[in-house]
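A structural walkthrough
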Amino acid sequence: MLIRNSAFLRRLRRTAFPLLLIAVTVPALSAAGTPADAERPAALRGRSLGSIVREDCGACHGLRLTGGLGPDITASALSGRDVGALAATIEHGRPGTAMPPFGPLFSPAEIRAIARGLKSGRYLQENDR
Amino acid sequence: MTRYARAAAMAFRAWPLLLAAALLGGCATTPAPRGTGDLGLIVQRADGRVSLVDASERAELAEIDGLGDLSHASAVFSRDERFAYVFGRDGALTKVDLLRGRIVARVQQAGNSIGGAISGDGRLVAVSNYEPGGVRVFDARTLEPVARIPARYGDGERARVVGLVDAPGERFVFSLYEAGEIWIADFSGGDEPSITRIRGVGRKPYDGLITPEGRYYIAGLFGEDGLALVDLWHPERGAREILAGYGRGEKRLPVYKMPHLEGWAMVDDYALLPAVGRHEVLVVDRDDWHEVARIPVHGQPVFVMAGPDGREAWVNFAFPRNDTVQVIDMDTLKVDDTLTPGRGVLHIAFSARGEEVWLSLRDDDAVAVYDADTHEPLARLPVPRPSGIFFTDRADRIGL
C-alpha cells in the first residue's frame, strides 16, 4: 500500500516501469520465493498462474493455447519438449519474434511452474481466476 | 391459430421484446416491435458467449451461447443492423439474430482465425485466417462459401492473414504476416475476386486499418519501426513506408500485447496511433503522414479511440498495465485524465453519438460505462470476462 501510493514511485513507474518491476519483485522474491501479491502490478494481483496463462499468454497463443500469433502451446504440441528449454523461452522470449521475455514479470520458480503447467495441460482443465 | 401459437412459442423461447410475433400476429400478448439501432454485443471471451445489450438501458437483454473460442473475437453487422457476424478464434463464423437473440447460422470455416469484415453492399462476409493462412468469403445471407483466397507466398507456403478490412468498391484489403505483403481482393465483378498483390511492404505486418473515408489502408509492422501505407485510389503505386524509423535507436520494451490499429483516432489533420513497445501515443499529420508529436502515456497503448466529436481520445494499455485508461485532449495533445476503472481493461467503445464510453474489465467480470464528458462512472454491468464491445452503428462505417 505504502509503495503504491508514493508519488515518487508513481513517477518512477511511469518512466521506468520494467526496472521498477524488477526492483519491486526481486526483494520480495528473495524473501518468499514468489513476489508478494500486494507488490505485484495490479494486473497480476490475486490471479492464478493458470488465469494469467489462459488470458494473457492467450492474447497471442489463443485462449485455449491452440495458437494465434504465437504457435500452439498445448500439452500435445509441447510433448517431448524439455521443461528447462520452455522455461528459457518464457523467461527470455525469442528475440526477433513477437514472443516477449517474461523474466521481468515472474520469478524463475514461477516460470518453471508455468512451463510444467503447459506440459501437463492442466491450465486448460482449470477455470479459476 | 396454430400460426399464432407457433409465433408465441418462438417469442418466449427467445426474449420478450421480440419483433417476430408482432409481425406474424396481433394477439394481446404481442410484444412491442423494436429497432436494433441501440443494440450491441459484448463478447464473453472465455465462455463462448455474447451478451446482447441495450445501450440506452445499459442492460443485458440476452446471452447467446455456443459460439466457441472467442479469444480475440470481433463482430460486424449487416446493413439493416439486425444480424451480427461474430469471428471466433477457433475458425468459426457465427451469424446472430439480434432481434431473436439467437444463432441463425454458423460455419466452422478454418482452424484458427483472427477477424473479418463485411462488404459495403452487405453481400459478402470475409474471414481472415491463420490456419490455413488465407481469406474465406461467404454469402452474408446463408453463410454459403463464395470464395477462397489462399495466402501463398515464396515457395507456396501460406502466410497468416491479419488486418482484414472492407474498402469501398466491394473490396477487401488484408496483410500477410510472414510474407510482408498487402493484398486487395476486388469482388465488384462478382464472386470471383480479382487480386492485387503488393509485395515488400515491410516486415511482419501485424494489423491493419482503413481510414474512415476508405482511402488509405495502413498496416502496422512488428518487424520494424514504421508502417506501410497504401492509397486505395492508386493501388498501382504500391505501398510506402511512413514513420520509418520512429524511435530508432531507442530501446523497445517487451511487447506483451499487440496494439490494435482499428481504433486509431483520426481527428481533423491528425491521426493518433499506438507506438509498439513504447509508452507513447504517436501523433501523425494526415496530409503527409509525418510525425507531429509523441504523447507520453501510462503504458504501451493498445486501443486509441476517439469519440465521434473528436474532442478526446481514450487509451487503454497492454498487460500488465491494463488497469488504467487515459484520456487525451485533442486540442492540447496532452493526457488530461487518468482513470483506474478496474482490472484487465481490454476494449473501449463509444456509444453511437459519443456521450458514453463503455469499457470491458476482463479481470473484474464487468463492463463499466463512463460519461465521455465528465469521465465519471455511470453504471457497471456484470459480464463474465468481457472483451470486445460492438454497437450496431458500426454497420454504417467503412472498415468496421
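Residues numbered from 1 in each chain as written. Chains lettered and ligands numbered in written order. Predicted model: local features only at pLDDT ≥ 70, side-chain atom pairs only at ≥ 80, totals over all residues. Heavy atoms only, no water.

A separate point is helix 4 (residues 83-92) of chain A. Residues and elements named next belong to chain A. All of the buried residues along helix 4 are Val83, Leu86, Ala87, Thr89 and Ile90. In a view along the axis of helix 4, the buried residues occupy a sector of 160 degrees, so they form one face of it. Elements that come into contact with the buried residues of helix 4 comprise helix 5 (108-120). Taken from the residues just after helix 4, Gly93 is the one with a positive phi, measuring 70 degrees. (Buried < 20%, exposed > 50% of the residue type's maximum accessible area, 1.4 Å probe, protein only. Helix = DSSP H or I, 4+ residues; strand = E, 2+ residues; numbered from the N terminus. Arc of directions from axis to C-beta. Contact = heavy atoms within 4.5 Å.)

Once that is clear, we can look at the confidence of the model for chain A. Residues and elements named next belong to chain A. On average, residues of chain A score 74 in pLDDT, and 67% of them are at 70 or above. Confidence, read as mean pLDDT per element, is least for helix 2 (residues 7-32) in chain A (36) and greatest for helix 4 (96). Note on residues 1-35: pLDDT under 50 across the span, and 39 contacts to partners over four residues away in sequence or across chains. (pLDDT = per-residue confidence, 0-100.)

This part covers the interface of chain A and chain B. The partner chain B presents 29 residues to the 34 residues of chain A that form the contact. Counting each side, the surface lost to burial between chain A and chain B is near 2900 Å², with a carbon and sulfur contribution of 51%. Linking chain A with chain B are 5 salt bridges, by the criterion used here. Its salt-bridge partner being Arg362(B), residue Glu55(A) comes within 3.8 Å of it at the nearest N-O pair. At the boundary of chain A with chain B, the tally comes to 10 residue pairs in polar contact (both at pLDDT 80 or more). Looking at the side of chain A that touches chain B, the element that brings in the most residues is helix 3 (residues 49-61) of chain A, giving 5 residues. Split by residue class, the side of chain A that touches chain B holds 16 nonpolar, 9 polar and 9 charged. (Buried area = accessible area lost by both parts, 1.4 Å probe. Salt bridge = Lys/Arg side-chain N within 4 Å of Asp/Glu carboxyl O. Polar contact = N/O pair within 3.5 Å; in protein donor to acceptor, adjacent residues only side chain to side chain. Nonpolar A, V, L, I, M, F, W, Y, C, P; charged D, E, K, R; others polar.)

Residues and elements named next belong to chain B. Along the chain, Val345 turns up in strand 30 (residues 345-350). As a C-alpha pair, Val345 and Trp264 span 81 residues in sequence and 17 Å in three-dimensional space. The residues contacting Val345, other than those within four sequence positions of it, are Asn316, Phe317, Asn322, Asp323, Thr324, Val325, Leu359, Ser360 and Leu361.

The next point concerns the packing of aromatic side chains. Applying the stated criterion across every chain yields a total of 9 aromatic pairs over all chains. Residues Trp358(B) and Phe391(B) carry aromatic rings whose centres are separated by 5.1 Å and whose planes lie at 85 degrees to one another, so their mutual orientation is edge-to-face. Placement of Trp358(B) in strand 31 (residues 356-361) and of Phe391(B) in strand 34 (residues 386-391) is noted, with a sequence separation of 33 residues between them. We classify Phe391(B) as buried; its relative accessible area is 6%. Ring pairs connect the aromatic residues Phe102(A), Phe106(A), Tyr256(B) and Phe319(B), which therefore count as one cluster. Positioned above the aromatic ring of Tyr130(B) is the side chain of Arg160(B), whose terminal nitrogen or guanidinium carbon lies 5.5 Å from the ring centre. (Phe/Tyr/Trp six-rings, centres within 6.5 Å; stacked < 30°, edge-to-face > 60°. Lys NZ or Arg CZ within 6 Å of the ring centre and 35° of its normal.)

Attention now goes to a negative patch on the surface. Together, Asp268(B), Asp269(B), Asp287(B) and Asp288(B) make up a region of like negative charge exposed at the surface. Mapped onto the secondary structure, Asp288(B) falls in the loop between strand 24 (280-285) and strand 25 (291-296). (Patch = residues over 30% accessible without salt bridge, like charges linked within 9 Å, V, L, I, M, F, W, Y side chains within 5 Å. Areas by Shrake-Rupley, 256 points an atom, 1.4 Å probe, with all protein chains shown as cover. Lys, Arg positive; Asp, Glu negative; His and termini not counted. Charge placed at Lys NZ, Arg CZ, Asp CG, Glu CD.)

All right, on to the confidence of the model for chain B then. In the predicted model, chain B carries a mean pLDDT of 90, and 91% of its residues have values of at least 70. Across residues 1-28 of chain B, confidence stays below pLDDT 50; counting only partners more than four residues off in sequence or on other chains, it has 40 contacts.

Moving on to the sheet that holds strand 20 (residues 227-231) of chain B. All names here are of chain B. Strand order across the open sheet formed by 4 strands is 18-19-20-21, with antiparallel pairing between neighbours. The outermost strands of the open sheet, each flanked by one partner alone, are strand 18 (205-210) and strand 21 (239-242). Averaged over all pairs of adjacent strands, the angle between their axes in this sheet comes to 25 degrees, without regard to strand direction. Bridging between strand 19 (residues 216-221) and strand 20 involves 5 bridges; their strand directions are antiparallel. Bridged to Ala219 within strand 20 is Ala228. (Pairing = 2+ DSSP bridges. Axes fitted to C-alpha atoms, helices over the stretch in contact; angles between N-to-C directions.)

Grouped together as the largest cluster of nonpolar side chains are 29 residues, with contacts concentrated most on Ile218(B), Phe222(B), Leu227(B), Trp264(B) and Trp289(B). Counting residues per element, the ones that place at least two in this core are strand 18, strand 19, strand 20, strand 23 (270-274) and strand 24 of chain B. Those residues in contact with Ile218(B) that sit more than four places away from it in its chain are Asp207(B), Gly208(B), Leu209(B), Leu227(B), Ala228(B), Leu229(B), Ile242(B), Leu261(B), Trp264(B) and Trp289(B). Ile52(A), Val83(A), Leu105(A) and Ile114(A) belong to the second-largest nonpolar core, a separate cluster that totals 22 residues. (Core = buried A, V, L, I, M, F, W, Y, C linked by side-chain atoms within 4.5 Å.)

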